[in-house]
Amino acid sequence: MEGEDLRIYLAARYNSGRADPRANNPNQVAAASEPYPFHLESYHYVGNGKVDDAIRHNGHKIFMDSGAFSMFTLGIDVDLDAYAAYLVRAQDYIEVASNVDVIGRGKERGSYENQKYIESLKLPVQVCPVHHARDDDSWLVKYLDEGYDYIFLGGMVPETTPYLIDWLDHVWDKYLALPDGTARVKVHGFGLTTFELMERYPWYSVDSTSWVMKSMFGSIIVPIRGVPSSLFISKQSPTTKAEDRSFWSLDAHTREHLDKMIRSKGFDPEELGTMYGMRDKWNIRFFREYMQGLRPTFKRSSVTFF
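Residues numbered from 1 in each chain as written. Predicted model: local features only at pLDDT ≥ 70, side-chain atom pairs only at ≥ 80, totals over all residues. Heavy atoms only, no water.

Q: Let's hear about helix α8 (residues 161–176): which residues, and what values?
A: Since the α-helix packs 3.6 residues into each turn, any two residues three or four apart lie on the same face. Counted at 1.5 Å a residue, the expected span for α8 with its 16 residues is 22 Å, but the 19 Å between its end C-alpha atoms falls short. Taken residue by residue, α8 has Tyr 163, Leu 164, Ile 165, Trp 167, Leu 168, Asp 169, His 170, Val 171, Trp 172, Tyr 175 and Leu 176 as its buried positions. On its buried face, α8 sits against β6 (130–132), α7 (137–145), β7 (150–154), β8 (186–189) and α9 (195–200). The opening residue of α8, the one whose side-chain oxygen lies 3.2 Å from the backbone nitrogen of Tyr 163, is Thr 160. (Helix = DSSP H or I, 4+ residues; strand = E, 2+ residues; numbered from the N terminus. Expected span 1.5 Å × (residues − 1). Buried < 20%, exposed > 50% of the residue type's maximum accessible area, 1.4 Å probe, protein only. Contact = heavy atoms within 4.5 Å. Polar contact = N/O pair within 3.5 Å; in protein donor to acceptor, adjacent residues only side chain to side chain.)

Here you go:
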């Protein structure tokens with residue numbers, strides 16, 4: 001699967017109100033003004049149609065997450081037929097959709113049966129299977145053997161980075177990577193916020209909420225010695241006064257260097273420090289530029305832990 005840059009989908013841009021340029025809130029307008037090609041939303045949050053008009057107004061195509069994980073954490077059952085009806089109703093703006101996966105160890109058959117049921121409805125939208133961390137490998141093999149060309153890996157949000165590296169090394173080494181380190185099929189990584197994991201494997205696509213979460217808590221993402229890093233820049237938190245923990249408390253030389261870099265990109269540190277919408281805008285632009293030319297390959301190790 002060579003030839004395409006990694007797609008990083010911004011998760012929850014519509015659900016968080018950061019995508020409609022007609023909003024009254026100047027922070028939302030600032031965020032909405034920044035162009036970006038890839039967006040992911042959860043059916044659990046947008047299935048009621050509240051953002052349909054904004055999506056169509058912007059002309060965006062949406063990667064639709066079934067919302068199974070969100071519903072699982074809230075103890076809500078997913079209605080397969082309601083989800084299918086939504087996919088039909090919103091087919092004009094849905095690029096691809098996930099299966100309604102069943103969360104939990106030993107429930108892989110439930111996910112598989114949901115996949116087959118949705119396929120039996122012959123929907124006008126591609127619905128792809130989800131394989132979780134801690135699922136038995138045999139189900140991933142089954143999806144590959146049945147010819148699925150786009151497989152989603154989920155269940156990673158609660159796991160530690162060391163565990164995920166062990167597990168992902170295993171599934172990429174044994175099942176998903178070709179001998180040259182490229183991908184056998186298209187693979188999506190749900191909820192990846194760690195740049196190390198984005199760059200370690202030949203994903204076709206991943207999604208992340210870190211663009212908005214970092215902004216919400218006062219940070220922007222900046223390259224420091226080539227490594228994407230968080231820089232706390234809000235002026236509305238006690239952290240602002242903590243030495244070496246904020247842009248505003250850095251030593252003069254470092255702060256001057258970062259100030260020049262920020263201004264060279266058309267931003268004002270004062271605005272970034274006081275407007276979350278400008279931090280959103282910065283982080284959206286960072287991801288757009290970061291993924292350009294990013295085509296990771298998997299470098300196999302002789303050690304596996306599974």
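Q: An account of the nonpolar core is requested, with residue identities and associated values reported.
A: Of all hydrophobic cores here, the largest spans 56 residues; its most connected members are Leu 168, Trp 172, Leu 176, Trp 203 and Phe 287. Looking at this core, the elements that each hand over two or more residues are β1 (7–11), α7, β7, α8, α9, α10 (210–216) and α13 (276–290). Considering every element that reaches this core, the biggest residue donor is α8, with 9 residues. If we skip the residues at most four places from it in the chain, Phe 287 touches Ile 8, Leu 10, Tyr 36, Phe 195, Met 198, Ser 208, Ser 210, Trp 211 and Ile 221. Val 46, Met 64, Tyr 93 and Ile 94 belong to the second-largest nonpolar core, a separate cluster that totals 23 residues. (Core = buried A, V, L, I, M, F, W, Y, C linked by side-chain atoms within 4.5 Å.)

Q: I'd love a proper account of the sheet that holds β1, names of residues and values included.
A: Across the sheet, which stays open at both edges, the 9 strands sit in the order β5-β4-β3-β2-β1-β9-β8-β7-β6 with parallel pairing between neighbours. Edge positions in the sheet fall to β5 (127–128) and β6, since each of these pairs with one other strand and no more. Sheet topology note: the β6/β7 ladder contains 3 bridges and is parallel. Within the sheet, the bridge partner assigned to His 131 lies in β7 and is Leu 153. Lying on the sheet, helix α5 (residues 80–89) is in contact with β3 (62–65), β4 (94–98) and β5; it crosses β4 at an angle near 165°. Along the sheet, α8 contacts β6, β7 and β8; its crossing angle with β7, the most-contacted strand, is approximately 160°. (Pairing = 2+ DSSP bridges. Axes fitted to C-alpha atoms, helices over the stretch in contact; angles between N-to-C directions.)

Q: So what's going on with the environment of Leu 231? Which residues, and what values?
A: If you trace the backbone, Leu 231 turns up in strand β11 (residues 227–232). Leu 231 gets classed as buried once you look at its relative accessible area, which sits at 8%. With residues near it in sequence (within four places) discarded, Leu 231 still touches Gly 218, Ser 219, Ile 220, Val 222, Phe 247, Leu 250 and Leu 258.

Honestly, it's all geometry; don't read function into it.
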